[in-house]
Protein chains: 2
Amino acid sequence: MEPDLTQLDEYLDEAGVDGYLVDADSEDADQYYLSGFDAPDPFVTLYDGDVRLLFTRSLEYGRAKKEARAETVERGADFGYAEKAQEYGPQEARSRVIAAFLDSHGVGSVATPPRFPLQTADGLREQGIEVTADDSGAVTEVRATKTDEEIEYIREAQRANEAAMARAEELISAAETNADGELVLDGAVLTSERVTEEIEVTLLRHGCALDETIVACGADAADPHDRGSGPLLTDEPIIIDIFPRNKRSRYHADMTRTFCHGDPSEALREWFELTDRAREAAIEAVEPGVETDVVHGAACDVYEDAGLPTLRSDPTTETGFIHSTGHGLGLDVHEMPSVAESGETLQPGHVITIEPGLYDPEVGGVRIEDLLVVTEDGYENLTEYDIELAVA
Amino acid sequence: MEPDLTQLDEYLDEAGVDGYLVDADSEDADQYYLSGFDAPDPFVTLYDGDVRLLFTRSLEYGRAKKEARAETVERGADFGYAEKAQEYGPQEARSRVIAAFLDSHGVGSVATPPRFPLQTADGLREQGIEVTADDSGAVTEVRATKTDEEIEYIREAQRANEAAMARAEELISAAETNADGELVLDGAVLTSERVTEEIEVTLLRHGCALDETIVACGADAADPHDRGSGPLLTDEPIIIDIFPRNKRSRYHADMTRTFCHGDPSEALREWFELTDRAREAAIEAVEPGVETDVVHGAACDVYEDAGLPTLRSDPTTETGFIHSTGHGLGLDVHEMPSVAESGETLQPGHVITIEPGLYDPEVGGVRIEDLLVVTEDGYENLTEYDIELAVA
């Protein structure tokens with residue numbers, strides 16, 4: 001993938017700095033996006049119109065020369081790292097090597113991502129380099145607008161996600177109920193952990209990795225970030241939120257559905273209806289040029305009109321709609337633009353989730369999440385999965 | 001798990017600062033260790049003799065109050081975040097909220113991990129807080145010494161690792177060979193990707209997650225960080241390096257074996273023998289009080305005595321023993337102490353890998369890796385897996 005970095009050129013011009021500097025491993029999406037190189041330990045990438053990589057140590061140097069999408073690849077040995085480490089110790093040696101590398105490319109001032117490591121920044125400042133944390137994350141902003149290739153990666157990950165969701169739904173539908181109201185399948189209690197394992201095996205079989213999946217039932221579901229544990233219960237809401245990463249492309253997908261085995265309460269049915277309406281209202285608001293607080297507001301309106309609290313109507317509420325409507329998604333599960341009260345302008349190529357929800361320990365929780373790409377004239381919903389509460 | 005933070009108290013005394021500040025999500029091992037709280041988005045933890053959590057936004061606040069191992073849990077609303085965001089914008093508001101939080105606990109100066117985010121540091125400095133990146137990572141140093149409970153977590157993860165390695169070995173042993181020398185199993189070519197998938201499914205079934213596994217054959221194996229791809233070949237070395245994380249405890253394990261289906265070349269047999277001797281020599285050097293450069297040196301000696309280059313004998317070599325002998329392991333796959341030329345003093349409770357290897361595109365690669373805990377009078381090898389090159 002060849003990213004379009006003209007926006008980054010413009011940023012450097014406006015900021016009046018010579019280059020953009022990243023010091024991170026490839027789990028950092030800015031690093032992976034800019035360097036095009038996948039390494040488990042931190043390395044340095046400079047963008048000064050060209051992409052230039054620096055490895056303080058040699059381990060990745062040979063592979064980077066072959067694989068990285070970079071104009072130049074250099075290493076500590078090119079700047080006397082070993083001698084400097086003897087004289088100044090490894091940390092100051094690293095600062096001096098990076099400063100010498102910058103100097104050799106005529107770079108005396110750099111902007112960095114907001115979460116650039118403080119030790120590197122202060123070390124470079126001591127060597128006379130001007131280092132300024134970029135307020136909003138210029139590379140993160142570039143990444144927010146996806147190419148067609150990136151959208152295909154995300155679509156592919158969402159197909160795997162749908163297969164995993166179908167597997168989870170199948171397990172819940174097929175379950176019986178024991179005397180305690182617990183779901184039972186093939187003679188054993190169906191737990192959150194067991195459904196999670198089947199989801200994750202399905203994702204692996206579809207080329208995706210993942211670290212966390214939410215299968216949260218009843219009171220667990222009342223907390224948006226509770227991953228869930230223990231037996232799943234009949235008549236209770238079960239929130240399933242899956243956000244895999246395709247192992248080859250490294251791009252994510254994201255989807256949430258809420259299921260109920262048995263007989264949902266009246267309150268739960270109402271919440272589900274409302275949340276689906278909030279989802280629809282927010283989606284209908286999506287088009288290029290719209291501020292995301294308007295999209296978020298459309299979801300809040302539905303809930304507030306029904307007399308339920310939102311963080312917009314009460315910033316301290318702990319029940320009701322207690323998160324934002326969505327987030328950008330790509331190399332990171334959560335990235336720009338945020339679909340929230342803060343508001344950012346939607347542009348074609350933005351990929352966002354729309355995921356309103358309601359939470360209250362008395363009722364449980366409901367969340368429904370689709371994944372959309374903003375198009376030239378509106379949106380395309382990348383999610384192909386039914387929205388049904390009762391599954392058995 | 002209740003960590004022993006007396007070493008951190010001593011660090012704060014020596015550094016002459018009021019507190020230790022972390023701003024990261026729980027993927028950051030220092031954050032998870034200090035806060036005892038698992039959250040996917042960055043939050044702030046202060047240690048000033050007590051552990052104190054601050055959430056700028058409210059989403060995790062309720063759960064943190066219930067779950068975190070913290071003296072106090074506060075949120076942005078307690079320090080007027082919304083009003084400040086209106087007046088100063090979200091970034092400066094965040095700095096002002098964190099500064100007010102520190103001020104309310106009488107903290108005017110903080111040390112931070114080396115990779116603390118620059119934007120937060122500079123923002124706090126503007127609010128009059130003294131912020132200094134801790135040179136070596138005081139929390140990381142505390143984490144290096146494991147409690148018995150942590151060692152049990154690592155042992156449990158290594159058992160899962162052994163099951164996954166056995167599954168991989170079983171697939172390779174059971175394979176036939178086609179006319180191109182490719183391994184074939186159940187009518188299909190046995191690829192690196194297929195073995196990786198079976199390893200990862202096995203790990204999931206044993207409660208572990210993981211993101212990367214190395215199954216590298218032939219020329220791929222000549223690069224220590226190449227994850228491998230494509231058909232596995234008979235008569236060639238296949239390096240399998242697995243480093244899972246137990247999903248519940250979040251602690252890792254790590255093991256590497258090198259297998260050969262068919263008939264290893266004379267060179268490959270020699271390299272395997274040498275590497276096993278280097279492994280033994282390094283392990284025999286492990287005891288409390290020993291510097292890790294001595295352990296690394298024991299492995300280098302074996303290779304250098306056989307006339308093979310190491311990074312110690314030639315810092316620019318791209319073949320031979322081109323990495324360090326091992327690394328600490330715990331919440332991070334790679335953590336302190338490094339078993340390398342830089343040298344750190346081994347202490348009881350350190351968990352380290354010993355993983356010498358040889359690499360050359362002409363021969364391929366060989367690596368053998370065990371996982372050890374340093375005990376009061378030596379070491380215990382946490383790895384229970386045979387070391388055999390030829391498997392079929």
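Predicted, not measured: the structure shown is a model, and the values here were computed from it. (Residues numbered from 1 in each chain as written. Chains lettered and ligands numbered in written order. Predicted model: local features only at pLDDT ≥ 70, side-chain atom pairs only at ≥ 80, totals over all residues. Heavy atoms only, no water.)

1. What to know about the overall build of chain A
The secondary structure content of chain A amounts to 11 helices and 21 strands. Summarising its shape, the C-alpha atoms of chain A cover approximately 75 × 45 × 35 Å along the three principal directions. Evaluated residue by residue, chain A yields a buried proportion of 58% over its 392 residues. The long-range fraction of contacts in chain A, counting pairs at least 24 apart against all pairs at least 6 apart in sequence, stands at 62%. (Helix = DSSP H or I, 4+ residues; strand = E, 2+ residues; numbered from the N terminus. Buried < 20%, exposed > 50% of the residue type's maximum accessible area, 1.4 Å probe, protein only. Contact = heavy atoms within 4.5 Å.)

2. Let's talk about the environment of Gly349 of chain B
All names here are of chain B. Structurally, the position occupied by Gly349 is in the loop between strand S16 (335-339) and strand S17 (351-354). Since its relative accessible area comes to 7%, Gly349 is described here as buried. In this structure, Gly349 is in contact with Ala144, Thr145, Lys146, Val373 and Val374, ignoring residues within four places of it in sequence.

3. Some thoughts on the nonpolar core
In terms of nonpolar packing, the biggest core is built from 42 residues, with Leu21, Leu102 and Leu124 of chain A together with Leu21, Leu102 and Leu124 of chain B touching the most fellow members. For this core, the elements supplying multiple residues, two or more each, are strand S2 (43-47), helix H5 (90-104), helix H6 (118-126) and strand S6 (130-133) of chain A together with strand S2 (43-47), helix H5 (90-104), helix H6 (118-126) and strand S6 (130-133) of chain B. Setting aside anything within four residues of it in sequence, one finds Leu102 of chain A in contact with Leu21, Leu46, Val107, Val110, Leu124 and Ile129 of chain A. (Core = buried A, V, L, I, M, F, W, Y, C linked by side-chain atoms within 4.5 Å.)

4. Remarks on the state of the cysteines
Residue and element names in this part refer to chain A. A full pass over the atoms with the stated rule returns 0 disulfides over all chains. The thiol of Cys217 is unpaired, and the distance to the nearest cysteine sulfur, on Cys260, comes to 8.3 Å. The exposure class assigned to Cys217 is buried, which follows from its relative accessible area of 9%. (Disulfide = S-S within 2.5 Å.)

5. Observations regarding the interface of chain A and chain B
Counting residues at the interface gives 57 residues for chain A and 57 residues for chain B. Of the roughly 4,500 Å² buried at the junction of chain A and chain B (both faces included), carbon and sulfur atoms supply 43%. Taken as a group, Arg115, Leu118 and His225 of chain A account for 16% of the area that chain A buries against chain B, more than any other trio of residues on that side. Applying the counting criterion to the chain A and chain B interface returns 16 salt bridges. Arg205 of chain B is paired through a salt bridge with Glu197 of chain A; the nearest N and O atoms lie 2.8 Å apart. Counting every contact that joins chain A to chain B gives 22 residue pairs in polar contact (both at pLDDT 80 or more). Sorting the residues of the side of chain A that touches chain B by element identifies strand S1 (19-24), helix H3 (61-67), H6, S6 and helix H9 (192-205) of chain A as the ones contributing at least two each. At 7 residues, the largest contribution of residues to the side of chain A that touches chain B is made by H9 of chain A. When the residues that make up the side of chain A that touches chain B are grouped by side-chain class, the tally is 20 nonpolar, 11 polar and 26 charged. (Buried area = accessible area lost by both parts, 1.4 Å probe. Salt bridge = Lys/Arg side-chain N within 4 Å of Asp/Glu carboxyl O. Polar contact = N/O pair within 3.5 Å; in protein donor to acceptor, adjacent residues only side chain to side chain. Nonpolar A, V, L, I, M, F, W, Y, C, P; charged D, E, K, R; others polar.)

6. Brief notes about the pattern of salt bridges
One pass over the full model with this rule turns up 78 salt bridges over all chains. In this structure, Glu380 of chain A and Arg155 of chain A form a salt bridge, with 2.8 Å as the shortest nitrogen-oxygen distance. With a gap of 225 residues between them, Glu380 of chain A in strand S21 (residues 378-381) and Arg155 of chain A in helix H8 (residues 148-174) connect regions that are remote in the sequence. One salt bridge connects Glu200 of chain A with Lys247 of chain B, and the closest N-O pair in it is separated by 2.2 Å. Residue Glu200 of chain A is located in helix H9, and its partner Lys247 of chain B is located in the loop between strand S13 (245-246) and strand S14 (255-260); the two belong to separate chains. Where salt bridges share partners, they join Glu27, Asp38, Arg245 and Arg250 of chain A together with Glu212 and Arg227 of chain B into one cluster.

7. Considering the sheet that holds strand S12 (residues 237-242) of chain A
Residue and element names in this part refer to chain A. Strand order in the open sheet made by the 3 strands is S11-S12-S14, with antiparallel pairing throughout. This sheet does not close on itself; its edge strands, each paired only once, are strand S11 (213-217) and strand S14 (255-260). For this sheet, the mean inter-axis angle between neighbouring strands, taken without regard to orientation, is 10 degrees. Sheet topology places S12 next to S14; 6 bridges connect them, and they run antiparallel. (Pairing = 2+ DSSP bridges. Axes fitted to C-alpha atoms, helices over the stretch in contact; angles between N-to-C directions.)

8. Some details on the side chain of Asp226 of chain A
On the secondary structure map, Asp226 of chain A appears in the loop between S11 and S12. Buried charge without a salt bridge: Asp226 of chain A, with Lys66 of chain B as the nearest opposite-charge side chain at an N-O distance of 5.3 Å. Engagement of the side chain of Asp226 of chain A in a polar contact is seen with the backbone nitrogen of Gly228 of chain A, the distance being 2.8 Å. What Asp226 of chain A contacts, discounting residues up to four positions off in sequence, is Ile214, Ala216 and Asp220 of chain A together with Arg63 of chain B. (Lys, Arg positive; Asp, Glu negative; His and termini not counted.)

9. Digging into a negative patch on the surface
Residues and elements named next belong to chain B. A cluster of acidic side chains, namely Asp4, Asp9, Glu10, Asp13 and Glu14, defines a negative patch on the protein surface. In this structure, Glu10 sits in helix H1 (residues 6-15). With relative accessibility at 46%, the residue Glu10 sits in the partly exposed group. (Patch = residues over 30% accessible without salt bridge, like charges linked within 9 Å, V, L, I, M, F, W, Y side chains within 5 Å. Areas by Shrake-Rupley, 256 points an atom, 1.4 Å probe, with all protein chains shown as cover. Charge placed at Lys NZ, Arg CZ, Asp CG, Glu CD.)

10. Regarding the UniProt feature "domain: Creatinase N-terminal" (unreviewed entry) in chain A
Residues annotated in UniProt with the feature "domain: Creatinase N-terminal" (unreviewed entry) correspond here to residues 6-136 of chain A. The distance from the first to the last C-alpha atom of residues 6-136 of chain A is 17 Å, and the span holds 43% helix and 21% strand. (UniProt positions renumbered as here; feature names shortened; annotations may be inferred.)

11. Points about the environment of Arg250 of chain B
By secondary structure assignment, the location of Arg250 of chain B is in the loop between S13 and S14. Residue class for Arg250 of chain B comes out buried when judged on its relative accessible area of 4%. Distance from Arg250 of chain B to Gly181 of chain B, taken between C-alpha atoms, is 40 Å for residues 69 residues apart in sequence. Ignoring any residue separated from it by four or fewer positions in sequence, one finds Arg250 of chain B in contact with Glu212 of chain A together with Ser26, Glu27, Tyr32, Asp38, Arg245, Gly330 and Leu331 of chain B.

12. A closer look at the relation of the copies chain A and chain B
When chain A is fitted onto chain B, the two copies agree to an RMSD of 0.0 Å after a turn of 180 degrees and an axial shift of 0.0 Å. What the superposition gives is, in effect, a two-fold axis relating one chain to the other. Taking the C-alpha atom as reference, chain A places Leu118 of chain A closest to the rotation axis, 2.3 Å from it. (Least-squares fit on C-alpha atoms with pLDDT ≥ 70 in both.)

13. Considerations on unusual backbone geometry
All names here are of chain A. Of note, the bond from Met336 into Pro337 is cis; its omega dihedral lies within 30 degrees of zero at -5 degrees. For Pro337, the position within the fold is in strand S16 (residues 335-339). One non-glycine residue with positive phi stands out, namely Arg250, at about 70 degrees.

14. Section: the packing of H9 of chain A against helix H9 (residues 192-205) of chain B
Direction vectors running N to C along H9 of chain A and H9 of chain B enclose 175 degrees, while the axes themselves pass 10 Å from each other. Judged by the inter-axis angle, H9 of chain A sits roughly antiparallel to H9 of chain B. Touching Glu197, Glu198, Glu200, Val201, Leu204 and Arg205 of chain A of H9 of chain A are Glu197, Glu198, Glu200, Val201, Leu204 and Arg205 of chain B, all from H9 of chain B. Here the residues of the contact of H9 of chain A with H9 of chain B are counted per class, giving 4 nonpolar, no polar and 8 charged. (Parallel < 35°, antiparallel > 145°, perpendicular 65-115°, else oblique.)

15. Topic: the sheet that holds strand S8 (residues 183-185) of chain A
Residue and element names in this part refer to chain A. Pairing is antiparallel across the open sheet formed by 3 strands, whose spatial order is S7-S8-S9. Strands at the two margins of the open sheet, each flanked by one partner only, are strand S7 (176-177) and strand S9 (188-189). Bridge count between S7 and S8: 2 bridges; the pairing is antiparallel. If you follow Glu176 over to S8, its bridge partner there is Val184.

16. Points about the domain arrangement of chain A
All names here are of chain A. Taken domain by domain, chain A consists of domain 1 (6-143) and domain 2 (145-381). Here the C-alpha centroids of domain 1 and domain 2 sit 37 Å apart. Of the residues lining the interface, 11 residues belong to domain 1; the matching set on domain 2 comes to 11 residues. Here domain 1 meets domain 2 over a buried area of about 930 Å², counting both sides, of which 43% is carbon and sulfur. Contact with domain 2 buries surface across domain 1, with Glu27, Tyr32 and Arg143 losing the most and accounting together for 50% of the total. Along the contact surface separating domain 1 from domain 2 lie 5 salt bridges. Salt-bridge contacts for Arg245 lead to Glu27; the nearest nitrogen and oxygen are separated by 3.4 Å. Put simply, domain 1 and domain 2 have 9 residue pairs in polar contact (both at pLDDT 80 or more) between them. Counting residues per element, the ones that place at least two in the side of domain 1 that touches domain 2 are helix H2 (29-35) and helix H7 (138-144). (Domains from an automatic or database assignment.)

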